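# Structural features, examined
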Amino acid sequence: MKIFSGTQNPKLAKAIAAYLGTEVGAADVVNFPDGETFVKIKDVVRGEDVFVVQSVSGKPNEMLMELLIMIDALRRASADRITAVLPIYGYARQDRKDQPRVPITSKLVANLLVAAGANRILTMDLHAEQIVGYFDIPVDHLHAAPIIYRYLANKHFEKPVVVSPDTGSVKKAYTYSRMFGCGLAITAKQRMSAEKVEAYSLVGDVEGCDVIMVDDLTSTCGTLCAAAELCAAHGAKSIHAAVTHGLLNEKGIERLMSSSITELIVTDTIPQDRWQNHEKITVLSVAELFGEAIRRIHKNESINSLFIT
């Protein structure tokens, strides 16, 4: 087994390798003066089971191209099997044709990964479950729910309720409500623009409850903060938001600080060094979960038990 890393999240790759009792493989990833990416795999990979860790985020175009080039280099170096490990799958929000003359970019990314030479995909909390069906190769879809649940369960909320901040997260919220054995509420929203969201109705009772809002990703915190204000207006005792992929920017942090959200929980699928010590942000690691999944894939074992809290 060999673990390689792109430049987007080397810290997570090292933590995964440490869990597996190995080190990240040696590879040169540099840019030519004109911006083109050059990759050289320095370790021998002939006949090896290779895993390439790369989150397609931050600079998604650059990171995706880097991943594709690494996969191509490994394929040409005669690796036996190449698994693309994408802690966050870039372009996942563009998963359907809901307007005239728009692309389905998540399908395009799937095609590119397969064309480059990936034999298998390992990812976490896709924006839409149907993206798994865009591939004709095996896809292992992990969920951060067990890690987030264990953290929140230790808070021993007296009266928890799980809230979906929009209708697209209802299924995820329902899963969490079953874990906690508590009620479920849903906020309906109207998106005014890419950054502005207006939450306008709440289905369910949150009065006097410790609200647990769950979603797959956030960047500007618009949806979360709008839903939080609605819950606060209906008498919520406290509001904890849990998001797998924290694509946080300055606008999102500004909104978070002025919102009714008590705590925002994110994972390290995206580097969170900038917000690691923020007073309202808690960062949980998914390294062990990915590490165990990789170990089981390598040994051709089932990963079903990884979904159990």
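Going by the structure above, here's the rest.
Here is a short report on the structure shown in this document. (Residues numbered from 1 in each chain as written. Predicted model: local features only at pLDDT ≥ 70, side-chain atom pairs only at ≥ 80, totals over all residues. Heavy atoms only, no water.)

### A word on the pattern of salt bridges
- Using the criterion set out here, one finds 14 salt bridges in the structure.
- Note that Asp72 is salt-bridged to Arg76, the shortest N-O span being 2.7 Å. Of this pair, Asp72 and Arg76 both sit in helix 2 (residues 60-76), four residues apart, which is roughly one turn of that helix.
- According to the relative accessible area criterion, Asp72 is partly exposed, its value standing at 23%.
- Overall, Arg76 belongs to the exposed group, its relative accessible area being 61%.
- Arg120 serves as the salt-bridge partner of Asp140, at 2.7 Å between the closest nitrogen and oxygen. On the criterion of sequence distance, the pair formed by Asp140 in strand 7 (residues 139-142) and Arg120 in strand 6 (residues 120-124) is long-range, its members being 20 residues apart. As far as burial versus exposure is concerned, Asp140 and Arg120 are alike and both buried. (Salt bridge = Lys/Arg side-chain N within 4 Å of Asp/Glu carboxyl O. Helix = DSSP H or I, 4+ residues; strand = E, 2+ residues; numbered from the N terminus. Buried < 20%, exposed > 50% of the residue type's maximum accessible area, 1.4 Å probe, protein only.)

### A few points about the environment of Leu247
- Relative to the helices and strands, Leu247 is located in the loop between strand 12 (238-246) and helix 7 (250-257).
- In this structure, the C-alpha to C-alpha distance between Leu247 and Thr220, residues 27 residues apart in sequence, is 8.0 Å.
- If sequence neighbours within four positions are ignored, Leu247 has contacts with Ser57, Ile88, Arg93, Leu217, Thr218, Ser219 and Ile270. (Contact = heavy atoms within 4.5 Å.)

### Points about the pairing of strand 4 (residues 49-53)
- With respect to burial, strand 4 is a largely interior element, five of its five residues being buried.
- Side-chain alternation along strand 4 places Asp49, Phe51 and Val53 on one buried face and Val50 and Val52 on a second face that is also buried.
- In the sheet, strand 1 (residues 2-5) pairs with strand 4 via four bridges, with the strands oriented parallel. Across the sheet, the residue bridging to Ser5 is Val53, located in strand 4.
- Relative to strand 5 (residues 81-86), strand 4 is paired through five bridges, and the arrangement is parallel. (Pairing = 2+ DSSP bridges.)

### Focus on the pairing of strand 6
- Most of strand 6 is tucked away, with five of its five residues classed as buried.
- Neither face of strand 6 is exposed, since Arg120, Leu122 and Met124 on one face and Ile121 and Thr123 on the opposite face are all buried.
- The pairing of strand 5 with strand 6 spans four bridges and is parallel. Among the inter-strand pairings, Val85 is bridged to a residue of strand 6, identified as Leu122.
- Following the backbone out of strand 5, through helix 3 (residues 105-116) and into the adjacent parallel strand 6, one traces a crossover that is right-handed.
- Across four bridges, strand 6 lies against strand 7 in parallel orientation. (Right-handed = clockwise from strand over helix to strand, strands pointing away.)

### As for a nonpolar patch on the surface
- Nonpolar side chains collect at one region of the surface, where Val30, Phe32 and Phe38 lie side by side and expose about 260 Å² of accessible area between them.
- Residue placement: Val30 occurs in strand 2 (residues 27-31).
- Residue classification places Val30 among the partly exposed residues on the basis of a relative accessible area of 42%. (Patch = residues over 30% accessible without salt bridge, like charges linked within 9 Å, V, L, I, M, F, W, Y side chains within 5 Å. Areas by Shrake-Rupley, 256 points an atom, 1.4 Å probe, with all protein chains shown as cover.)

### Re the state of the cysteines
- In this structure the tally under the stated criterion is zero disulfides.
- In this structure Cys209 is a free cysteine whose sulfur lies 8.6 Å from that of Cys182, the closest cysteine sulfur available. (Disulfide = S-S within 2.5 Å.)

### Quick word on helix 7
- Listed as buried for helix 7 are Gly252, Ile253, Arg255 and Leu256. All buried residues of helix 7 fall inside an arc of 160° around its axis, so they share one side.
- Capping of helix 7 at its N-terminal end is provided by Asn249; its side-chain oxygen lies 3.2 Å from the backbone amide nitrogen of Lys251. (Arc of directions from axis to C-beta. Polar contact = N/O pair within 3.5 Å; in protein donor to acceptor, adjacent residues only side chain to side chain.)

### As for the packing of aromatic side chains
- Tallying each qualifying case throughout the model produces three aromatic pairs.
- Pairing Tyr149 with Phe180 gives two aromatic rings, centres 4.9 Å apart and planes at 65°, and the pair type is edge-to-face. Of this pair, Tyr149 sits in helix 4 (residues 145-153) while Phe180 is found in helix 5 (residues 170-180), placing the two residues 31 residues apart along the sequence. Note on accessibility: Tyr149 and Phe180 belong to one class, buried. (Phe/Tyr/Trp six-rings, centres within 6.5 Å; stacked < 30°, edge-to-face > 60°.)

### Looking at the side chain of Asp95
- Following the sequence through the fold, Asp95 ends up in the loop between strand 5 and helix 3.
- Within the structure, Asp95 has its side chain in polar contact with the side chain of Gln130 (distance 2.8 Å).
- Setting aside anything within four residues of it in sequence, one finds Asp95 in contact with Ile104, Ser106, Ala128, Gln130, Ile131 and Tyr134.

### Details of unusual backbone geometry
- Of note in this structure, Ser78 is not a glycine but carries a positive phi near 70°.
- Following the sequence through the fold, Ser78 ends up in the loop between helix 2 and strand 5.
- A positive phi is found at Arg101, a non-glycine position, where the angle reads about 60°.
- Structurally, Arg101 is set in the loop between strand 5 and helix 3.

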